[in-house]
Amino acid sequence: MSDMTIRPLERADREWVAHFLDDRWGTTTIVSRGKMRYGHLLEGLIAVRAGEHPTAAENSDAPLERIGLLTVEYDARECEILTLDSLVGGMGIGSALLDALEERAREAGLARLWLVTTNDNLASLRFWQRRGYELVAVHRNAIAAARRIKPQIPIMGRHGIPIRDEIELEKCL
């Protein structure tokens, strides 16, 4: 998408992120490996494009439309990817956000990027593996503990698959 820009999340994006996560995920709370975070307070990247009005591309004051979000948490040697969402499927927005993160991580000298998804999320498993991420662990029955922190996690997931396990993927840089 030629009119898309990837940039770091800014303070002005926080309210949008909170509403977006609440609409998309049912809450701003993110739980991974037993740790709770507030998604709207995380670092991350956002994909924006010029608004739909015909002269937006030429007008630097035109409103920008937020079309994708990636949230992360860094530590000294690695980065956990916590959410990745695109508002327009099939346009490469998620891949562009991920490419930008990988570039930044390499520049910062990080050793790996990693994430956790659930056993029912087949589309996610396909997405990540196609981009070079490898399965490194299955945390059996980890969702039971996650539900104690975040009771909104459903019992049944996509395709009628019970949500039980956290699956960890990584990409070494």
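Anything mentioned here points back to the structure above.
The model shown is predicted, which means the values in this text are computed figures rather than measured ones.

### Description of helix 4 (residues 142-149)
Here is step 1: Taken residue by residue, helix 4 has Ala142, Ile143, Ala146 and Arg147 as its buried positions. The arc that holds every buried residue of helix 4, seen down its axis, measures 140°, which confines them to one face.
Here is step 2: Looking at the buried positions of helix 4, the neighbouring elements they touch are strand 2 (29-32), strand 7 (112-118), strand 8 (134-139) and strand 9 (166-172).

### Focus on a nonpolar patch on the surface
Here is step 1: On the surface, a nonpolar cluster with roughly 370 Å² of combined accessible area is contributed by Met36, Tyr38, Leu41 and Ile149.
Here is step 2: Examined against the element boundaries, Ile149 turns out to sit in helix 4.
Here is step 3: The exposure class of Ile149 is partly exposed, given its relative accessible area of 32%.

### Re the state of the cysteines
Here is step 1: Under the definition given, this model contains zero disulfides.
Here is step 2: With no disulfide partner, Cys172 has as its closest neighbouring cysteine sulfur the one in Cys79, 13 Å distant.
Here is step 3: When its relative accessible area of 54% is taken as the criterion, Cys172 is described as exposed.

### A word on the sheet that holds strand 8
Here is step 1: As summarised here, the arrangement of the seven strands in space is 1-4-5-6-7-9-8, forming an open sheet in which the pairing is mixed. The outermost strands of the open sheet, each flanked by one partner alone, are strand 1 (4-8) and strand 8. Strand after strand, the sheet turns through a mean of 25° between neighbouring axes, direction not considered.
Here is step 2: In this structure, strand 4 (residues 43-50) lies alongside strand 5 (residues 64-74), joined through eight bridges in antiparallel fashion. The partner of Ala50 across the bridge, within strand 5, is Leu64.
Here is step 3: Packed on one face of the sheet, helix 3 (residues 122-130) meets strand 6 (78-86), strand 7, strand 8 and strand 9 and runs near 15° to strand 9.

### Here's the deal with the pattern of salt bridges
In a structure, side chains of opposite charge can pair up when their charged atoms sit close to one another.
Here is step 1: The final tally for this structure, using the stated rule, is 14 salt bridges.
Here is step 2: Taking the shortest distance from any N to any O, the salt bridge between Arg24 and Asp85 comes out at 3.2 Å. Placement of the pair is Arg24 in helix 1 (residues 14-25) and Asp85 in strand 6, with a sequence separation of 61 residues.
Here is step 3: You can call Asp85 buried: its relative accessible area is 7%.
Here is step 4: Between Arg112 and Glu168 there is a salt bridge, with its nearest N and O atoms 3.6 Å apart.

### Some details on the environment of Asp120
Here is step 1: Mapped onto the elements, Asp120 comes out in the loop between strand 7 and helix 3.
Here is step 2: Judged by relative accessible area, Asp120 falls into the buried class, the value being 3%.
Here is step 3: A C-alpha to C-alpha distance of 9.4 Å links Asp120 and Glu166, two positions 46 residues apart in sequence.
Here is step 4: Excluding residues within four positions of it along the chain, Asp120 makes contact with Gly157, Arg158, Ile161 and Ile163.
Here is step 5: There is a polar contact of 2.5 Å between the side chain of Asp120 and the side chain of Thr118.

### A few points about the packing of aromatic side chains
Here is step 1: All told, the structure shown has three aromatic pairs when counted by the stated rule.
Here is step 2: With a centroid separation of 5.1 Å and 90° between ring planes, the pair formed by Phe127 and Trp128 is classed as edge-to-face.
Here is step 3: Consider the rings of Trp128 and Tyr133, whose centres lie 5.0 Å apart with planes at 75°: the pair is edge-to-face.
Here is step 4: The rings of Phe127, Trp128 and Tyr133 are connected pair by pair, giving a single aromatic cluster.

Conventions we followed
Residues numbered from 1 in each chain as written. Predicted model: local features only at pLDDT ≥ 70, side-chain atom pairs only at ≥ 80, totals over all residues. Heavy atoms only, no water. Buried < 20%, exposed > 50% of the residue type's maximum accessible area, 1.4 Å probe, protein only. Helix = DSSP H or I, 4+ residues; strand = E, 2+ residues; numbered from the N terminus. Arc of directions from axis to C-beta. Contact = heavy atoms within 4.5 Å. Patch = residues over 30% accessible without salt bridge, like charges linked within 9 Å, V, L, I, M, F, W, Y side chains within 5 Å. Areas by Shrake-Rupley, 256 points an atom, 1.4 Å probe, with all protein chains shown as cover. Salt bridge = Lys/Arg side-chain N within 4 Å of Asp/Glu carboxyl O. Disulfide = S-S within 2.5 Å. Pairing = 2+ DSSP bridges. Axes fitted to C-alpha atoms, helices over the stretch in contact; angles between N-to-C directions. Polar contact = N/O pair within 3.5 Å; in protein donor to acceptor, adjacent residues only side chain to side chain. Phe/Tyr/Trp six-rings, centres within 6.5 Å; stacked < 30°, edge-to-face > 60°.

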